[in-house]
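# Close look at the chain arrangement
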Amino acid sequence: MNKKMIRNNIIVLLAIQFIIAQDFDVLSPQITGGQINSNSETYTISSSTSALSTEASSSDSFSVSQGVTGVVQSLYSLPPVVNAFIADTIYRDGMPIRVQGILKDLNGIASAELYLQQGGSAEQIVIPMTALNDSIYEVSIAESLVTIRNFRAFIRGDDNMAYSGESQKLTPIVKFGKSELTTLIDNSVYPNGILSDHWRMLSFPGSIDDPIIKNPKDDGHVFYVWDLENNNWIVPDSIMIGQAYWFKHLYEDPLPFSADSGMAIALKDYTINLKSGWNMIGSPFAFPVAVDADPGNVSALYFYGDSLNRDGWQVQNYVMKPWAGYAIYADHDDATIDLIPFPDNSQNNNMNRIASSNWKIILSAESSMFIDRSAVIGRDYNAKEYKDKMDIPSLPSLNNGLSIAISLDNESEFNYSSDIRSMDEVNGVWSVNISSAKYIEGLSFSAELDGILQHDVIVAVLDIQTRNIYRDILFNSISINDRLESAYELKIIIGEPSYVESMLLEIASQIPSEFSLGQNYPNPFNPQTKLDYLLPRNSFVSIRIYNMLGQEIITLLEEEKRYGKYSVLWNGLDRNGKQVASGVYFTELKAKGFRMVRKMLMLK
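A brief report on the enclosed structure follows. (Residues numbered from 1 in each chain as written. Predicted model: local features only at pLDDT ≥ 70, side-chain atom pairs only at ≥ 80, totals over all residues. Heavy atoms only, no water.)

## So, the nonpolar core
Of all hydrophobic cores here, the largest spans 67 residues; its most connected members are I141 and I337. Per-element accounting of this core gives the leading share, four residues, to strand β7 (residues 109–118). In this structure, I337 is in contact with Y270, T271, I272, L274, I281, V291, D292, A293, V298 and I328, ignoring residues within four places of it in sequence. Formed by 32 residues, the second largest nonpolar core is a distinct cluster that contains I361, A375, I473 and L490. (Core = buried A, V, L, I, M, F, W, Y, C linked by side-chain atoms within 4.5 Å. Buried < 20%, exposed > 50% of the residue type's maximum accessible area, 1.4 Å probe, protein only. Helix = DSSP H or I, 4+ residues; strand = E, 2+ residues; numbered from the N terminus. Contact = heavy atoms within 4.5 Å.)

## Comments concerning the sheet that holds strand β22 (residues 289–292)
The antiparallel open sheet is built from four strands, whose spatial order is β20-β27-β22-β25. A strand with exactly one partner marks an edge of an open sheet, and here the two such strands are β20 (270–273) and β25 (319–320). In the sheet, β22 pairs with β25 via two bridges, with the strands oriented antiparallel. If you follow A290 over to β25, its bridge partner there is V319. (Pairing = 2+ DSSP bridges.)

## Things to note about helix α5 (residues 497–509)
Between the first and last C-alpha of α5 there are 19 Å, a value that for 13 residues agrees with the 18 Å anticipated at 1.5 Å per step. Considering only its buried residues, α5 is in contact with β32 (428–435), β34 (458–463), β35 (469–470) and β37 (488–495). (Expected span 1.5 Å × (residues − 1).)

## Considering the pairing of strand β40 (residues 539–546)
Buried residues dominate β40, accounting for seven of its eight residues. Relative to strand β41 (residues 552–561), β40 is paired through eight bridges, and the arrangement is antiparallel. When the sheet's bridge partners are listed, F540 is paired in β41 with E560. The turn joining β40 and β41, which pair antiparallel and follow one another in sequence, is formed by five residues; a positive phi near 80° is taken by G550. Of the pairings in the sheet, the one linking β40 to strand β43 (residues 583–591) comprises six bridges and is antiparallel in character. For S542, the partnering residue across the bridge sits in β43 and is K590.

None of this, on its own, says anything about what the molecule does.
Dropping the structure here:
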């Protein structure tokens, strides 16, 4: 054996002894000094000198192909191995909140620091750690940093060659005490509590121990949830995190909420499983969180109420605030959304896709007491021209306030809150109804563009009731001076200028100029006759037949009708199905303050 080979072998043996002294496991005795590859569970060596062993070794950690010297160099270039430890549950009892780290490195540890990040914050607080010996480090977290927002942390260690290693994330649960979790916390959607005599939807940030809140069927507050199977409101058996609940009280002052005790959950991405239909959900975090969702599978978020204490739904971006409850629609039972507790994790999520892709127009109807900002029309690359998953049904109704509803394909049924169509088309007409069972003064209608319309695409609104045309709806609102006993219909035409102008003329030509009841034909008649009537606007219509004594014979029609031209038949029977006698009869039409009577003659 020549001197060069002996020297190389001595270097290798010294390296092995140094590794063992540093507590690194070398599980194979086969160290290669030649052309044969050497493997272990810790490293791989590909040498250019002769072998000390006839068997190959394996490795899944690193590879060295620069000879024996490369083995040592690679070992010294590895970052520190860092492990961090903290209690699973942290109690706010005045005792130190300790974090311990075990750090190992061939070069020796130069420093160790704890990086702490409070819930919802992008800032990382750096706290130096104290060395208890060569590998164990410790630090105490100030209690002021441990709040209902909770925190996550990790340890970063630097060795003496300036290589850095990081531990896994620590995500403990924090036990909070009395009056720490209240609606007064930062970013609470109800900082002053729930307003008196108003339905509001709320959720609870954290796991609540308070029996008054946890058991809604007992003597505490009464909460309601939306029953998907039966489409009605029910009192739940218990309050769960991630869910939202309807609440209303009749106390004179607003009612704040607070919890006697509970847990701030670990700051990990939180998944909410949805069921097909409308889901009422809430965030379990005590700070605003981004929501990662696929707009192709679920709707936007909807919140009930606004900062002016008005009642009604509003569409929201994919961000959830503490104490707030939201409605979200899912097309199937396997749909999910993820709540992201840290901004740095949300950069690649989908929370802005509903606002940034293609274009949408959010429709709003507002008065001093009510608001509805839930209706959305537009075009999207993921949508189809006909009904699909992006067309969302109307939200559950809570009261007789204001409501905007959309008709798909301009049908007679207005029961959708969004109608999103394909980008393959440019031109289209959307039919919108505004309704309320209550008299509303000072009603206005407006539209807000979210996105950018294609070049030369314009928007116009035709008021069916007044025949007025509005071409600046994206900049100015429309005042509606109507009692809304019947739905108030608007046509929104969007597209190329020539298309918009032609559609305005076509639709206007289909609107009768006034209410009218035509003369029946044939007249005289036997056994049936037909009556035509015209409605210039949506109205509740009744058509009744009377005899010469003014007695009602039969009601032919009593229902809500859209504007247009209609006909009704009378077969000469009374309400009991009996044939009436020959004589003079009168037909009465009533609709929206209008009344008209026609005389008919029945001859046998």
